[in-house]
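In case you want the letters, here they are:
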There are 2 protein chains.
Amino acid sequence: MGKGLDETDLTILKHLQKEGRAQRNQLAEIVHLSVPSVSERMRKLEEKELITEYRAILDAKRFKFDITAFVFVEVDGSENYPRFIEQIQQEPEVLECHSITGDGSHILKIRTENTDSFEKLLSRIQSWDGVSKSRSNVVLSSFKETTELPIEKTIDPK
Amino acid sequence: MGKGLDETDLTILKHLQKEGRAQRNQLAEIVHLSVPSVSERMRKLEEKELITEYRAILDAKRFKFDITAFVFVEVDGSENYPRFIEQIQQEPEVLECHSITGDGSHILKIRTENTDSFEKLLSRIQSWDGVSKSRSNVVLSSFKETTELPIEKTIDPK
DNA sequence: CGTGAAATCACGTTCGC
DNA sequence: GCGAACGTGATTTCACG
């Protein structure tokens with residue numbers, strides 16, 4: 001379907017992962033191409049949804065989010081999964097939700113204001129149908145936290 | 001130190017979290033202000049490092065990253081921590097590393113190509129000084145994965 | 001597909017309020 | 001601190017290779 005990407009595309013993607021607001025003429029200089037060419041490549045990368053979005057990343061510690069936690073949730077009965085996923089979407093303090101192998105059926109990444117709001121969020125989650133138990137690991141410090149994929153190792157997206 | 005943010009700043013931040021390349025005139029329209037005012041506010045938000053960076057988000061599934069996993073690592077002896085953190089920085093497939101409460105001393109979020117590269121990464125990590133054991137939870141599906149902070153609940157960053 | 005030139009639009013600065 | 005106007009530079013469009 002989508003054709004492969006060349007080295008130039010990868011360089012552009014690599015740079016945009018770090019500098020999401022990088023200008024087209026800067027990119028053009030880096031890849032030794034004209035501005036319209038870079039523009040066209042970016043348009044295609046966005047159109048193909050290889051780039052799904054651009055985001056400003058905020059410093060969570062500077063806002064009121066003192067607690068980051070990973071919560072393992074056990075959802076019993078797969079008939080309860082769809083409703084569970086729906087309810088997760090309504091909780092903005094839940095940044096991530098993945099179903100996983102191993103103990104627990106889902107892992108959540110949570111950012112919330114304090115122990116109080118954390119406790120309230122947990123009781124809300126535990127009140128949902130099928131949620132039998134949860135285990136929380138609260139983050140003490142973060143040493144690395146990026147969304148940057150090491151695409152130098154990749155060749156052809158599908 | 002840093003004064004509080006008003007509703008306008010929060011609206012700008014909220015929008016930039018979703019649209020990292022949003023233009024100043026678009027933002028100006030949303031918040032009913034002039035372009036220079038918005039420009040000035042963005043400059044200050046960046047200067048204060050409330051916005052730490054802008055990033056393009058790529059679709060991991062469309063590249064060659066078939067495996068996402070959360071790995072709990074037990075690092076024995078806090079004298080081994082600094083070296084551990086250093087080595088983590090050198091592993092681009094490790095997207096996140098947090099020290100945590102509960103079992104294991106650190107949790108890692110990993111994205112890698114396949115079971116083969118995953119196994120290799122794990123043995124590399126387990127070979128580091130102080131790393132006694134690890135437990136992996138491989139992601140089956142992801143239902144939510146964002147970096148967006150629910151800053152509507154926040155008022156004053158420090 | 002890539003380039004170069006022209007038109008359009010966004011951006012940063014300066015000014016007056 | 002905000003809004004208006006100017007000058008600069010970035011982005012888009014188009015004709016052409």
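These notes cover the structure that comes with them. Since the structure is predicted, the reported quantities are computational estimates derived from the model, not experimental observations.

Here's the deal with the protein's contact with DNA strand D
Around DNA strand D, the neighbouring residues are Gln23, Arg24, Asn25, Val35, Pro36 and Ser39 of chain A together with Leu33, Ser34, Pro36, Ser37, Arg41 and Lys44 of chain B. Put simply, 83% of the atoms of DNA strand D that lie within 4 Å of the protein are in sugar or phosphate. At 3.0 Å, a backbone N or O of Ser34 of chain B approaches a phosphate oxygen of DNA strand D. Take Lys44 of chain B: an N or O atom from its side chain is 2.6 Å from a phosphate oxygen of DNA strand D. Of all the secondary-structure elements, those providing two or more residues to the surface near DNA strand D are α2 (24–31) and α3 (35–47) of chain A together with α3 (35–47) of chain B. Of the residues forming the surface near DNA strand D, the biggest block, four residues, is contributed by α3 of chain B. For the surface near DNA strand D, the class distribution of residues is four nonpolar, five polar and three charged.

Considering the sheet that holds strand β4 (residues 106–112) of chain A
In spatial order, the strands read β2(A)-β4(A)-β3(A)-β5(B)-β2(B)-β4(B)-β3(B)-β5(A); together these eight strands close into a barrel with antiparallel pairing. Strand-to-strand, the axes of this sheet are offset by a mean angle of 35°, without reference to chain direction. Summarising the sheet, strand β3 (residues 94–100) of chain B and strand β4 (residues 106–112) of chain B pair through five bridges and their orientation is antiparallel. Bridging across to β4 of chain B, Glu96 of chain B finds its partner in Lys109 of chain B. Running over the sheet, helix α4 (residues 81–89) of chain A touches β2 (67–75), β3 (94–100), β4 and β5 (131–145) of chain A together with β5 (131–145) of chain B and is turned about 15° from β4 of chain A. Most of the contacts of helix α5 (residues 115–126) of chain B go to β5 of chain B, to which it runs at about 140°, and overall it touches β2 (67–75), β3, β4 and β5 of chain B.

A closer look at the packing of helix α1 (residues 7–18) of chain B against helix α2 (residues 24–31) of chain B
Residue and element names in this part refer to chain B. Remark: α1 packs on α2, axes separated minimally by 10 Å, with the N-to-C direction vectors making an angle of 130°. With respect to α2, the axis of α1 lies oblique. By crossing handedness, the relation of α1 to α2 is classed as right-handed. Residues Thr8, Thr11, Ile12, His15 and Leu16 of α1 lie in contact with α2, whose contacting residues are Leu27, Ile30 and Val31. A breakdown of the residues in the contact of α1 with α2 according to their chemical character gives five nonpolar, three polar and no charged.

Quick look at the protein's contact with DNA strand C
Around DNA strand C sit Leu33, Ser34, Pro36, Ser37 and Arg41 of chain A together with Gln23, Arg24, Asn25, Pro36 and Ser39 of chain B, and that is every residue in its neighbourhood. The sugar-phosphate backbone supplies 88% of the atoms of DNA strand C found within 4 Å of the protein. Contact distances for DNA strand C include 2.8 Å between a phosphate oxygen and a side-chain N or O atom of Asn25 of chain B. Within the contact set of DNA strand C, a phosphate oxygen lies 2.9 Å away from a side-chain nitrogen or oxygen of Ser39 of chain B. For the surface near DNA strand C, the secondary-structure elements that each account for two or more residues are α3 of chain A together with α2 and α3 of chain B. Here the element with the most residues in the surface near DNA strand C is α3 of chain A; it accounts for three residues. Residues of the surface near DNA strand C, tallied by class, amount to three nonpolar, five polar and two charged.

Topic: the pattern of salt bridges
All told, the structure shown has 32 salt bridges over all chains when counted by the stated rule. Taking the shortest distance from any N to any O, the salt bridge between Glu96 of chain B and Lys109 of chain A comes out at 2.9 Å. With Glu96 of chain B in strand β3 and Lys109 of chain A in strand β4, this residue pair bridges two chains. Both residues of the pair, Glu96 of chain B and Lys109 of chain A, belong to the buried class. Residue Arg111 of chain A pairs with Glu145 of chain A through a salt bridge whose shortest N-O separation is 2.5 Å. Of this pair, Arg111 of chain A sits in strand β4 while Glu145 of chain A is found in strand β5, placing the two residues 34 residues apart along the sequence. Overall, the relative accessible area of 35% leaves Glu145 of chain A in the partly exposed class. Each of Glu40, Arg43, Lys44 and Glu47 of chain A takes part in one network of salt bridges that share partners.

Criteria and thresholds
Residues numbered from 1 in each chain as written. Chains lettered and ligands numbered in written order. Predicted model: local features only at pLDDT ≥ 70, side-chain atom pairs only at ≥ 80, totals over all residues. Heavy atoms only, no water. Near = heavy atom within 4 Å. Polar contact = N/O pair within 3.5 Å; in protein donor to acceptor, adjacent residues only side chain to side chain. Helix = DSSP H or I, 4+ residues; strand = E, 2+ residues; numbered from the N terminus. Nonpolar A, V, L, I, M, F, W, Y, C, P; charged D, E, K, R; others polar. Pairing = 2+ DSSP bridges. Axes fitted to C-alpha atoms, helices over the stretch in contact; angles between N-to-C directions. Contact = heavy atoms within 4.5 Å. Parallel < 35°, antiparallel > 145°, perpendicular 65-115°, else oblique. Left-handed = near helix turned anticlockwise from the far one by under 90°. Salt bridge = Lys/Arg side-chain N within 4 Å of Asp/Glu carboxyl O. Buried < 20%, exposed > 50% of the residue type's maximum accessible area, 1.4 Å probe, protein only.

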